[in-house]
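# Fold and geometry: a report
Listed here are the chains, written in short residue letters.
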Amino acid sequence: MKAWILAAALLAAQHVSAAQCNKTAAQEVQRGLSEFAKSHIEGDHLTVHWTYAIEKQPEAKRLQMVTTYADMDACLRGGAREIMFYRKGRLMGIASPTSGVRLVK
């Protein structure tokens, strides 16, 4: 859980455009989140499978985790992309460069 707290703190403070983000901090977040989520490219989007029991967290925390992951990814890539977030095979969140970040119920 310590890595998640670090990840949230690093990215919560940097709500700037991807071009202006702190890539070093984003790489630290990426390393911290690697124990909570695994990702791969699937078709035209990134697919993230949470290994962490995210569904047991309050909705606000789940949204924060999905947003933190999307912000980190946008920083490191230089721009946002479509990301689908899953837990135990169930779609639970979407990050989109056109419609933003949202949870799926």
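Here the structure is shown first, and the text comes after it.
Residues numbered from 1 in each chain as written. Predicted model: local features only at pLDDT ≥ 70, side-chain atom pairs only at ≥ 80, totals over all residues. Heavy atoms only, no water.

## Let's talk about the state of the cysteines
Cut-off, in case you're wondering: Two cysteine sulfur atoms make up a disulfide if the distance between them is within 2.5 Å. Numbering of helices and strands starts at the N terminus; helices are DSSP runs of H or I of at least 4 residues and strands are runs of E of at least 2.
Under the definition given, this model contains 1 disulfide. Covalently, C21 is tied to C75 through a disulfide, its sulfur atoms 1.8 Å apart. Between C21 and C75 the disulfide shows an S-S torsion of about 85°. By sign, it is right-handed. Taken as a pair, C21 in the loop between α1 (2–12) and α2 (23–33) and C75 in helix α3 (residues 59–77) lie far apart in primary sequence, 54 residues in all.

## Structural notes on the pattern of salt bridges
This is how it is decided: The salt bridge criterion pairs a side-chain nitrogen of Lys or Arg with a carboxyl oxygen of Asp or Glu, the two atoms within 4 Å. Between buried and exposed lies partly exposed: a residue is buried under 20% and exposed over 50% of the maximum accessible area for its type, with that area taken using a 1.4 Å probe on protein chains only.
Applying the stated criterion across every chain, the model contains 4 salt bridges. The salt bridge involving R87 is made with E55; its shortest N-O contact spans 2.7 Å. Here the residue R87 occupies a position in strand β3 (residues 83–87), and E55 occupies one in the loop between β2 (45–50) and α3, the gap between them amounting to 32 residues. By relative accessible area, R87 is classed as buried at 15%. R81 serves as the salt-bridge partner of D73, at 2.8 Å between the closest nitrogen and oxygen. Judged by its relative accessible area of 22%, R81 is partly exposed.

## Regarding the sheet that holds strand β5 (residues 100–103)
Put simply, the test is: At least two bridges found by DSSP between two strands is the condition for calling them paired. Where helices are involved, their axes are fitted lines through C-alpha atoms of the stretch in contact, as for all axes, and angles between N-to-C directions lie from 0 to 180°. A contact between two residues is defined here by any heavy atoms of the two lying within 4.5 Å.
The mixed open sheet is built from 5 strands, whose spatial order is β1-β2-β3-β4-β5. Here the strands that pair on one side only, and so sit at the sheet edges, are β1 (37–42) and β5. Put simply, the sheet's adjacent strands are angled 20° from each other on average, direction ignored. Across 6 bridges, β1 lies against β2 in antiparallel orientation. Residue I41 lies in a different strand from β2, and its bridge partner there is L46. Each of β1, β2, β3, β4 (90–96) and β5 touches α3; the most contacted strand, β5, lies at about 145° to it.

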